[in-house]
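Chain by chain, the residues run as shown.
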Amino acid sequence: MKLSSAHRTDPSQRSYFLRVLSRFVVCSTLILAVSVALKSRSRLSLLLPHLSYNQPTIMSYQQERYIAELAVQRACLLTQKVFFEKAKGTISKDDKSPVTIGDFGAQALIISALRKNFPNDEIVAEEEASTLRADKELSAEIWRLVKDTHLEDAESENILGGPLTSEQSMLDIIDSGNSAGGPKGRIWALDPIDGTKGFLRGGQYAVCLGLIVDGDVKVGAIGTPNLPVDGSAPIAASTGDQHSKAAGNGVLFSAILGAGAISRPLASGPLAASKPISMRSVANISDAVFCEGVEAAHSAQGDNAAVAQLLGITAPSVRLDSQAKYCSIARGAGDVYLRLPAKKDYQEKIWDHAAGDLIVREAGGQVTDMHGNRLDFSKGRTLAVNKGVVAAPKAHQEQVINAVKTVLKL
Ligand SMILES: Nc1ncnc2c1ncn2[C@@H]1O[C@H](COP(=O)(O)O)[C@@H](OP(=O)(O)O)[C@H]1O
Ligand SMILES: [Mg+2]
Ligand SMILES: [Mg+2]
Ligand SMILES: [Mg+2]
């Protein structure tokens with residue numbers, strides 16, 4: 001068929017049309033690429049606002065550490081409320097150890113944040129809700145606390161998943177920390193209040209969370225609301241008054257395996273700026289300062305004293321409850337943490353050590369049992385193959401272990 005000249009396209013017109021079309025395609029591809037990049041960057045910045053985007057790669061476990069820090073920070077708001085404003089009534093557990101509304105509330109808040117962000121992970125937590133299911137009044141009191149506790153920073157609160165929806169879901173959340181632990185998979189070890197006796201006495205306590213992957217601790221976060229922000233300040237034996245509340249207390253410690261340990265003030269807004277922490281370098285072990293527990297039932301204080309004497313240590317021990325001991329030596333406020341068994345057959349719990357073990361090792365220390373073996377977090381809910389704990393600067397660990405073996409005749 002022959003086309004009339006009116007239907008035929010002029011070649012210069014056709015090439016103009018092709019040029020416009022190709023420019024349109026290039027421009028729209030560019031716009032699309034830029035908008036996808038911006039979108040994923042803003043999603044990332046929501047999750048990891050502390051990251052610099054100049055970093056070529058994002059270090060692994062940064063997100064886990066960030067969520068752990070926020071969750072611990074929020075739980076500390078609740079424990080502080082109980083510490084300063086509420087009667088710290090106790091309930092006795094089957095093993096006669098105390099538990100408070102603060103322990104249950106902090107556990108509920110932290111597990112709900114973990115469930116929101118890492119729904120497939122397992123959780124080994126200290127507390128369970130059977131007492132609360134049998135005591136409606138107590139359960140209602142904890143629920144009032146839990147639903148009213150949120151971070152001041154709405155974006156951070158949103159990342160944690162916002163408030164729980166009902167009292168029943170709170171009880172179920174508390175009970176979901178019942179994993180048996182073990183050598184495989186991602187398992188969070190949670191101690192909602194470590195040093196409950198210190199908490200009740202108005203002394204030191206810690207909110208502790210560690211992530212164990214295939215038996216190895218990868219992330220640790222510990223909130224110590226009553227430790228001074230200034231690591232060189234004296235540690236108050238009791239902080240149960242409003243004056244000390246205003247006096248610069250509250251520290252958040254954390255570590256990622258292979259990436260060092262840090263601390264920052266435990267403020268309630270977005271996470272404050274952090275700084276690296278490290279153990280003090282001690283030229284001679286006789287210059288070291290011991291950190292020890294307060295409760296005689298939890299470690300053999302006579303044995304600790306004999307070890308100190310054998311090492312020529314004369315400085316008095318710093319005594320404080322909870323994993324605040326690990327944190328203290330990790331920032332150079334003390335050098336050696338000894339926890340020699342007071343009861344022969346007691347098995348240490350993984351939630352009492354996971355986060356602290358990593359923070360000390362990442363700050364340049366070594367943590368072992370009294371035989372010099374690394375703590376083994378792959379054996380279930382307890383450190384079934386370890387006895388006692390010895391944490392010291394790497395360079396002096398062997399010397400301390402030898403003194404322990406001499407004193408205990410191992
Ligand atoms: N006989 C014992 N030996 C060692 N630790 C014990 C113990 N009985 C209880 N504990 C643990 O000691 C922890 C407190 O340690 P510390 O004495 O260093 O503050 C308690 O944690 P909770 O307070 O979380 O229950 C508890 O798990
Ligand atoms: Mg307890
Ligand atoms: Mg504990
Ligand atoms: Mg506890």
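Residues numbered from 1 in each chain as written. Chains lettered and ligands numbered in written order. Predicted model: local features only at pLDDT ≥ 70, side-chain atom pairs only at ≥ 80, totals over all residues. Heavy atoms only, no water.

K.L.:
Quick question: what am I supposed to make of the overall build of the protein chain here?
P.N.:
Each helix and strand in the protein chain was counted, giving 13 helices and 14 strands. In the protein chain, the proportion of contacts linking residues at least 24 apart, taken out of those at least 6 apart, comes to 72%. Accessible surface for the protein chain amounts to roughly 18,900 Å². Of this, 55% is attributable to carbon and sulfur atoms. (Helix = DSSP H or I, 4+ residues; strand = E, 2+ residues; numbered from the N terminus. Contact = heavy atoms within 4.5 Å. Areas by Shrake-Rupley, 256 points an atom, 1.4 Å probe, with all protein chains shown as cover.)

K.L.:
What is the right way to look at the site of ligand 1 in this model?
P.N.:
Within the structure, ligand 1 sits among 16 residues, and H298, S322, K325, R339 and D352 are positioned closest to it. Within the side chain of D194, a nitrogen or oxygen atom sits 3.2 Å from an oxygen atom of ligand 1. Within the backbone of A297, an N or O atom sits 3.2 Å from a nitrogen atom of ligand 1. Coverage of ligand 1 by the protein chains reaches 90% of its 580 Å² of free accessible surface. Per element, the largest residue contribution to the shell around ligand 1 is three residues, and it comes from strand 4 (residues 186-194). Taken domain by domain, the shell around ligand 1 gets at least three of its residues from each of domain 1 (58-277) and domain 2 (285-408). (Near = heavy atom within 4 Å. Polar contact = N/O pair within 3.5 Å; in protein donor to acceptor, adjacent residues only side chain to side chain. Domains from an automatic or database assignment.)

K.L.:
For this particular structure, what's the right way to read the environment of G372?
P.N.:
Turning to its location among the elements, G372 is positioned in the loop between strand 13 (365-368) and strand 14 (389-393). Residue classification places G372 among the partly exposed residues on the basis of a relative accessible area of 33%. (Buried < 20%, exposed > 50% of the residue type's maximum accessible area, 1.4 Å probe, protein only.)

K.L.:
When you look at the coordination of the magnesium ion (ligand 3) in this model, what are you seeing that I'm missing?
P.N.:
For a metal with four donors in a tetrahedral arrangement, the ideal angle between donors is 109.5 degrees, while six donors in an octahedron ideally sit at 90 or 180 degrees. Donor atoms from the polypeptide that coordinate the magnesium ion (ligand 3) comprise D191 (OD), D194 (OD) and D352 (OD), at 1.9 to 2.1 Å from the metal. All donors of the magnesium ion (ligand 3) come from a single chain, and their spacing in sequence reads D-x2-D-x157-D. For the pair the magnesium ion (ligand 3) and the magnesium ion (ligand 2), the metal-to-metal distance amounts to 5.2 Å. Relative accessible area serves as the criterion here: at 0%, D191 is assigned to the buried category. On the accessibility criterion, D194 (9% relative accessible area) is buried. (Donors = N, O, S within 2.8 Å, 3.2 Å for Na, K, Ca; no water.)

K.L.:
Got a minute to help me understand the sheet that holds strand 13 in this structure?
P.N.:
Sheet strands associate in pairs through backbone hydrogen bonding, adopting either a parallel or an antiparallel arrangement. Read across the open sheet, the five strands follow the order 11-10-12-14-13; overall the sheet is mixed. Since the sheet does not close on itself, it has two edges, and those belong to strand 11 (318-319) and strand 13, each with one partner. Sheet topology places strand 12 (residues 336-339) next to strand 14; three bridges connect them, and they run antiparallel. Residue pairing for strand 14: R339 is matched across the bridge by V389. In the packing of helix 12 (residues 354-362) onto the sheet, contacts are made with strand 13 and strand 14, and the angle to strand 13 comes to roughly 145°. Running at roughly 145° to strand 14, helix 13 (residues 397-408) makes contact with strand 12, strand 13 and strand 14 of the sheet. (Pairing = 2+ DSSP bridges. Axes fitted to C-alpha atoms, helices over the stretch in contact; angles between N-to-C directions.)

K.L.:
What is the right way to read the pairing of strand 12 from this model?
P.N.:
Working note: regular strand, side chains alternate between the two faces of the sheet. Side chains V336 and L338 project from strand 12 onto one buried face, and the interleaved Y337 and R339 project onto a second face that is buried too. Here strand 10 (residues 290-292) runs beside strand 12; their pairing, made up of two bridges, is parallel. Looking across to strand 12, one finds that C291 is bridged to Y337.

K.L.:
Even after reading the chapter, I still don't get the sheet that holds strand 6 (residues 216-228), so can you show me in this structure?
P.N.:
Read from one edge to the other, the open sheet built from seven strands follows the order 3-4-5-6-7-8-9, with strand pairing classed as mixed. Looking at the sheet topology across the chains shown, the edges are occupied by strand 3 (122-125) and strand 9 (275-277). Adjacent strand axes in the sheet meet at a mean angle of 20°, parallel and antiparallel pairs treated alike. One ladder, built from six bridges, connects strand 7 (residues 249-256) with strand 8 (residues 260-265); its direction is antiparallel. Along strand 8, the bridge assignment pairs A255 with A261.

K.L.:
Any chance you could explain the UniProt feature "binding site: Mg(2+)" (unreviewed entry) in the protein chain here in plain terms?
P.N.:
When the UniProt feature table is mapped onto this chain, "binding site: Mg(2+)" (unreviewed entry) is found at E126, D191, I193, D194 and D352. These residues run over 227 residues, yet every pair of their C-alpha atoms falls within 9.7 Å of each other. Within the secondary structure, E126 sits in the loop between strand 3 and helix 4 (130-134). When near neighbours in sequence (up to four residues on either side) are disregarded, E126 contacts K93, Q107, L190, D191, P192, I193, W351 and R381. One polar contact links E126 to K93, side chain to side chain, over a distance of 3.0 Å. With respect to the secondary-structure elements, I193 resides in strand 4. I193 gets classed as buried once you look at its relative accessible area, which sits at 0%. (UniProt positions renumbered as here; feature names shortened; annotations may be inferred.)

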